[in-house]
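Commentary on secondary and tertiary structure
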Amino acid sequence: MELLKKEVERLKGDLKTSRDALKKSLTECEAIKRQSDGLAREYDRLLNEHQLLQNAQDSEDKKDN
């Protein structure tokens, strides 16, 4: 009987450890998702800026000809 009680306590400890690890992992996952979204927005902004600069350069090249 005592052996079963010890096993239950050990399993409860393992469960708590697993839950804590899961919570930490989910928090890290959300942080990575937010970072990824920010990087995607920055990439889109830079792509748009690049396109505007290309268009301006094309306009300058046409004026010079």
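Residues numbered from 1 in each chain as written. Predicted model: local features only at pLDDT ≥ 70, side-chain atom pairs only at ≥ 80, totals over all residues. Heavy atoms only, no water.

1. Thoughts on the overall build of the protein chain
- Looking only at helices and strands, one finds 1 helix and 0 strands in the protein chain.
- Here the C-alpha radius of gyration of the protein chain, 28 Å, is well above what a compact globule of 65 residues would show, namely 11 Å.
- With respect to the principal axes defined by its C-alpha atoms, the protein chain has extents near 95 × 10 × 5 Å.
- Counting the 65 residues in the protein chain, one finds 0% classified as buried.
- Looking at the protein chain as shown, the accessible area adds up to about 6400 Å², and 57% of this sits on carbon and sulfur atoms.
- Treating the 14 positive side-chain charges of the protein chain as one cloud and the 15 negative ones as another, the clouds have centres 12 Å apart. (Helix = DSSP H or I, 4+ residues; strand = E, 2+ residues; numbered from the N terminus. Rg over C-alpha atoms; globule rule 2.2 N^0.38 Å. Buried < 20%, exposed > 50% of the residue type's maximum accessible area, 1.4 Å probe, protein only. Areas by Shrake-Rupley, 256 points an atom, 1.4 Å probe, with all protein chains shown as cover. Lys, Arg positive; Asp, Glu negative; His and termini not counted. Charge placed at Lys NZ, Arg CZ, Asp CG, Glu CD.)

2. Some thoughts on the pattern of salt bridges
- Using the criterion set out here, one finds 8 salt bridges in the structure.
- Put simply, Glu-9 and Lys-12 hold a salt bridge, and the shortest N to O gap is 4.0 Å. Of the two residues, Glu-9 and Lys-12 both sit in helix H1 (residues 2-64), 3 residues apart, roughly one turn of that helix. As far as burial versus exposure is concerned, Glu-9 and Lys-12 are alike and both exposed.
- Between Asp-20 and Lys-16 there is a salt bridge whose closest N-O contact spans 2.9 Å. Of the two residues, Asp-20 and Lys-16 are both situated in helix H1; the distance of 4 residues between them amounts to about one turn of the helix.
- On the accessibility criterion, Lys-16 (53% relative accessible area) is exposed. (Salt bridge = Lys/Arg side-chain N within 4 Å of Asp/Glu carboxyl O.)

3. Topic: a negative patch on the surface
- A surface patch of negative charge is lined by Asp-58, Glu-60, Asp-61 and Asp-64.
- Secondary-structure assignment places Asp-58 in helix H1. (Patch = residues over 30% accessible without salt bridge, like charges linked within 9 Å, V, L, I, M, F, W, Y side chains within 5 Å.)

4. Let's talk about the environment of Asp-14
- Secondary-structure assignment places Asp-14 in helix H1.
- Among the polar contacts listed, one links the side chain of Asp-14 to the side chain of Arg-10, at a separation of 2.7 Å. (Polar contact = N/O pair within 3.5 Å; in protein donor to acceptor, adjacent residues only side chain to side chain.)

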